[in-house]
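# Report on the structure
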Amino acid sequence: MHAQIQLVAQALARAERILVITGAGLSADSGLPTYRGLGGLYNGHTEEGLPIEAALSGPMLRRDPALCWKYLAEIGRACLGARPNAGHFALAELQRRKPGCWVLTQNVDGYHRAAGSPVQRLIEIHGELSPLFCMDCRQRSFELAEHLQRPLPPRCDRCGGVLRPPVVLFEELLPEAELGRLQTQLALGFDAVLAVGTSASFAYIVEPVLRARRGGGFTAEINPQAGELSAFVDVHLEGGAADVLPQLIRHISSDKI
Ligand code: APR
């Protein structure tokens, strides 16, 4: 493992443009549940006997907002009750040292921003949990934390409409602005792509890895389990994100950059 970490550190030290793709496994080390795989919250069904993809979907939010909010609130409480970990801080440090380093995250916990990742080089492709906005009158700026203390679903104090967070639910489209930023950066190309704690369940997560590979770039993965990406990456670091990322950054000594 040590030699492999060194290998990845050397490749990142050489690279100018780096894309780090993160998923729930990174925040698992903050104590948040993952969705699938090791420690996955949703490997089964909800209490109502639904697949979580149905409970946490755009159509369900409209049809039965209380049911959808039961699971949104579960995610919200977990995120508000934890903090970024050493892995998030290590990535923010990598971005400080490497002005061409971008983070593409599927996480909605806001921990990359909290750890100091610059918003200009952060793409939150599944949106964020706060502030809530009204689905009817579109009024914004409702704090999630405040509404989690009240009966669900949260309601707009102006028109009584159901509030929602600006996250991407199942069966919803990705935010156009974030998708556009991602496409612009992908078109510019990356010398190295590092996937951290993701099951890579979506094409837009797998694609940047394959693209870098096709272009002769370096690819690596940090995940305690083998998965979708493992066969395609140059190096698979089989460990937890909060453990491996700080080691990796320590190896990228400033004199090599
Ligand atoms: N360090 C690194 N990886 C870990 C750790 C850890 N400590 N613990 C678990 N993992 C890995 C698991 O092995 C798994 O491959 O993290 C991955 C988590 O996968 P998912 O739960 O599917 O998370 P993610 O890939 O982010 O899911 C994508 O699906 O429903 C959603 O919208 C939700 O953004 C989420 C999306």
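Placed above this text is the structure.
Summary of the structure given here.

Here is what the cut-offs are and how they apply
- Residues numbered from 1 in each chain as written.
- Predicted model: local features only at pLDDT ≥ 70, side-chain atom pairs only at ≥ 80, totals over all residues.
- Heavy atoms only, no water.
- Pairing = 2+ DSSP bridges.
- Helix = DSSP H or I, 4+ residues; strand = E, 2+ residues; numbered from the N terminus.
- Axes fitted to C-alpha atoms, helices over the stretch in contact; angles between N-to-C directions.
- Contact = heavy atoms within 4.5 Å.
- Buried < 20%, exposed > 50% of the residue type's maximum accessible area, 1.4 Å probe, protein only.

Further remarks concern the sheet that holds strand β8 (residues 235–237). As summarised here, the arrangement of the six strands in space is β3-β2-β1-β6-β7-β8, forming an open sheet in which the pairing is parallel. Only two strands of the sheet have a single partner each, and these edge strands are β3 (122–124) and β8. Across the sheet, the mean angle from the axis of one strand to that of its neighbour is 15 degrees, orientation sign disregarded. Bridge count for strand β7 (residues 218–222) against β8 is three bridges, and the pairing is parallel. Within β8, the residue paired with Ile-222 across the bridge is Leu-237. Taken strand by strand, helix α1 (residues 2–14) contacts β1 (18–22), β6 (192–196), β7 and β8, and its axis lies near 120 degrees from that of β8.

Another point: unusual backbone geometry. Of the consecutive residues Ser-130 and Pro-131, the connecting peptide bond is found in the cis state with omega at -5 degrees. Mapped onto the elements of the fold, Pro-131 is located in the loop between β3 and β4 (133–134). Cis geometry marks the peptide bond from Leu-152 to Pro-153, where omega comes out at 0 degrees. In this structure, Pro-153 sits in the loop between α8 (144–147) and β5 (163–164). In this model, Glu-171 sits at a positive phi of 70 degrees, which is unusual for a non-glycine residue. Residue position: Glu-171 is located in the loop between β5 and α9 (176–188). Positive phi is not limited to glycine here, since Ala-200 has a value of about 50 degrees. Its place among the elements puts Ala-200 in the loop between β6 and α10 (203–214). Judged by its relative accessible area of 4%, Ala-200 is buried.

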